[in-house]
Amino acid sequence: MAANKDLEQQYGRAMEEHGFLPDPENRRYGSMGLCWRHTSQQGGGFFWTYGQQDLYTIKIHDFFFHEDQLLEFHWPESLSVTWYESISGEEFSPCRRLVPGCVKSFIGGREPYRALIHRQIPIVSIGVEITPAYYRDYLRRQFPQEYQSLLESFQTLDQTEHFPEMVQLLKQVRDYRGEGLPARLFYDGKVAEAVALVVERHLKRGSRRSVSAEDAVRLADVAAFITAHCADELPLERLSRIG
């Protein structure tokens, strides 16, 4: 399949450097994508991806490490949204915990991504990543007035444990097993739907009453405290006393 050859060329070198080798006959996930198997002594598991030309990529992580792993890499320019069913670790910029059940957005093409992934706890996630060709060219031409809100939507999503609509959508993508044209149309539609959900969430939250200046200062104090103590236990009672 031509799409799989493109994926292997795009990811092959980086995957091999991290101990992953193509496993094209693996049907653990959808047959339209390409599966890699972790073969090094550092851990085990799988990575699956499906892409449509240079427009978007769908990624499934399902692997673990035997020891804590410090990850650092330059993420290409892109917008992504990911649901983590299982994970444990910390990001360093900004400093915060990676927790299971969260939905995260990420804007690539900026500073290097750095995170510490804890050992023996599987990274199980599924995400959608759209490229500049998708959001800057295609979507901007289609929706020029709403383009700025698209970027703001991914920025404000950040990390949340309260986005059930996105979790449901990504589970549907993970569990889909179609082939051929129906599968391509399915994935195209789900990527567009994921983007729509991010924008819809942003617009709904933006229409709510804004916080007062005093509350904004208190929230900033809490955010600064969390950043400085992201590796510690932070019960709500303790946070409520700040400010």
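For the structure itself, consult the block above.
Quick look at the structure, then. (Residues numbered from 1 in each chain as written. Predicted model: local features only at pLDDT ≥ 70, side-chain atom pairs only at ≥ 80, totals over all residues. Heavy atoms only, no water.)

Turning next to the packing of aromatic side chains. Per the counting criterion, the structure on display carries 16 aromatic pairs. Look at Trp36 and Phe47: their rings are 5.9 Å apart centre to centre, the planes differ by 45 degrees, and that puts the pair in the tilted class. Of the two residues, Trp36 is situated in strand β2 (residues 34–38) and Phe47 in strand β3 (residues 43–52); the sequence distance between them amounts to 11 residues. The same class applies to Trp36 and to Phe47, which are both buried. Relative to Tyr113, the ring of Phe73 has its centre 5.4 Å away and its plane inclined at 40 degrees; by these criteria the two rings are tilted. (Phe/Tyr/Trp six-rings, centres within 6.5 Å; stacked < 30°, edge-to-face > 60°. Helix = DSSP H or I, 4+ residues; strand = E, 2+ residues; numbered from the N terminus. Buried < 20%, exposed > 50% of the residue type's maximum accessible area, 1.4 Å probe, protein only.)

Our next topic: the side chain of Thr160. Checked against the element boundaries, Thr160 lands in strand β12 (residues 159–160). There is a polar contact of 3.0 Å between the side chain of Thr160 and the backbone nitrogen of His162. Contacts of Thr160, omitting those with residues within four sequence positions, involve Gly101, Cys102, Val103 and Arg201. (Polar contact = N/O pair within 3.5 Å; in protein donor to acceptor, adjacent residues only side chain to side chain. Contact = heavy atoms within 4.5 Å.)

This part is about unusual backbone geometry. Unlike most non-glycine residues, Gln120 shows phi in positive territory, near 65 degrees. Along the chain, the position of Gln120 falls in the loop between β10 (113–117) and β11 (123–130).

Another aspect to go through is the nonpolar core. Core analysis: the biggest nonpolar cluster contains 39 residues, and Ile58, Ile130, Met166 and Tyr187 have the highest contact counts within it. With eight residues, helix α5 (residues 180–206) is the single largest residue contributor to this core. Judged by nonpolar contacts, the second largest core, of 17 residues, contains Phe20, Phe47, Tyr84 and Cys102. (Core = buried A, V, L, I, M, F, W, Y, C linked by side-chain atoms within 4.5 Å.)

Contact geometry for helix α3 (residues 147–157) and α5: axes closest at 8 Å, N-to-C directions at 80 degrees. Accordingly, the angle class assigned to the pair α3 and α5 is roughly perpendicular. Of α5, the residues touching α3 (which contributes Ser149, Leu150, Glu152, Ser153, Phe154, Thr156 and Leu157) are Val195, Val198, Val199, Arg201 and His202. Each residue belonging to the contact of α3 with α5 can be placed in one class, and the counts come to six nonpolar, four polar and two charged. (Axes fitted to C-alpha atoms, helices over the stretch in contact; angles between N-to-C directions. Parallel < 35°, antiparallel > 145°, perpendicular 65-115°, else oblique. Nonpolar A, V, L, I, M, F, W, Y, C, P; charged D, E, K, R; others polar.)

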